[in-house]
Amino acid sequence: QVQLVESGGGLVQAGGSLRLSCAASGRAFSTYAMGWFRQAPGKEREFVGSISGSGGTTTYGTSVEGRFTIARDNAKNTGYLQMNNLKPEDTAVYYCAASPLLITADIDEYAYWGQGTQVTVSS
């Protein structure tokens, strides 16, 4: 059982940056991969990236590769999504999620989800 709460969303100009946080409950946090997903109106939920439980491995979706960075601080039971060079097409609700797998981009492997935080990028 993992409970997740996202924060840090908001309005930012194109080219700007935001850092999202995902606070997790439980002492077993480090055994879970943490994923980030986003969903824009009329679109399917899209994989953004994920990080292994230890923090040693990351993977990213094509649309954000090179601009976004995922990190985690297991001592704080918190994951982070650093978003740089934001574009209007990044506008979406962003969700963090936890998976018992080492690392995965498969949405169906994420058992625990936060409620999401809105990110809006203006042009």
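Bear in mind the structure is a predicted one, so any value in this text is a computation, not a measurement.

*Asks:* Help me understand the nonpolar core, please; the structure alone is not making it clear to me.
*Replies:* As a rule of thumb, nonpolar side chains are buried together in soluble globular proteins. By size, the foremost hydrophobic cluster in this structure holds 27 residues, and its most contacted members are Leu4, Trp36, Phe68, Leu81, Met83 and Tyr94. When residues of this core are traced back to their parent elements, those giving at least two are strand E3 (18-24), strand E4 (33-39), strand E5 (46-51), strand E7 (68-73), strand E8 (78-83), strand E9 (92-99) and strand E11 (117-122). Not counting residues within four places of it along the chain, the set of residues in contact with Met83 comprises Gly16, Ser17, Leu18, Leu20, Arg67, Phe68, Tyr94 and Val119.

*Asks:* How should the side chain of Glu6 be read in this particular structure?
*Replies:* Looking at the element boundaries, Glu6 is found in strand E1 (residues 4-7). Here Glu6 occupies a buried position and makes no salt bridge, while the nearest side chain of opposite charge, Arg45, is found at 7.6 Å. Here the side chain of Glu6 touches Gln115 through a polar contact of 3.0 Å, landing on its backbone nitrogen. Setting aside its immediate chain neighbours within four residues, Glu6 contacts Ser21, Cys22, Trp36, Tyr94, Tyr95, Cys96, Gly114, Gln115, Gly116 and Thr117.

*Asks:* When you look at the pairing of E11 in this model, what are you seeing that I'm missing?
*Replies:* Consecutive residues of a regular strand have side chains that alternate between opposite faces of the sheet. Here E11 shows a clear split, with Thr117, Val119 and Val121 buried on one side and none of Gln118, Thr120 and Ser122 buried on the other. Pairing between strand E2 (residues 10-13) and E11: 4 bridges, direction parallel. Among the inter-strand pairings, Leu11 is bridged to a residue of E11, identified as Thr120. The pairing of E9 with E11 spans 3 bridges and is antiparallel. Following the sheet pairing, Ala92 is matched in E11 by Val119.

So, how was this worked out
- Residues numbered from 1 in each chain as written.
- Predicted model: local features only at pLDDT ≥ 70, side-chain atom pairs only at ≥ 80, totals over all residues.
- Heavy atoms only, no water.
- Core = buried A, V, L, I, M, F, W, Y, C linked by side-chain atoms within 4.5 Å.
- Buried < 20%, exposed > 50% of the residue type's maximum accessible area, 1.4 Å probe, protein only.
- Helix = DSSP H or I, 4+ residues; strand = E, 2+ residues; numbered from the N terminus.
- Contact = heavy atoms within 4.5 Å.
- Lys, Arg positive; Asp, Glu negative; His and termini not counted.
- Salt bridge = Lys/Arg side-chain N within 4 Å of Asp/Glu carboxyl O.
- Polar contact = N/O pair within 3.5 Å; in protein donor to acceptor, adjacent residues only side chain to side chain.
- Pairing = 2+ DSSP bridges.

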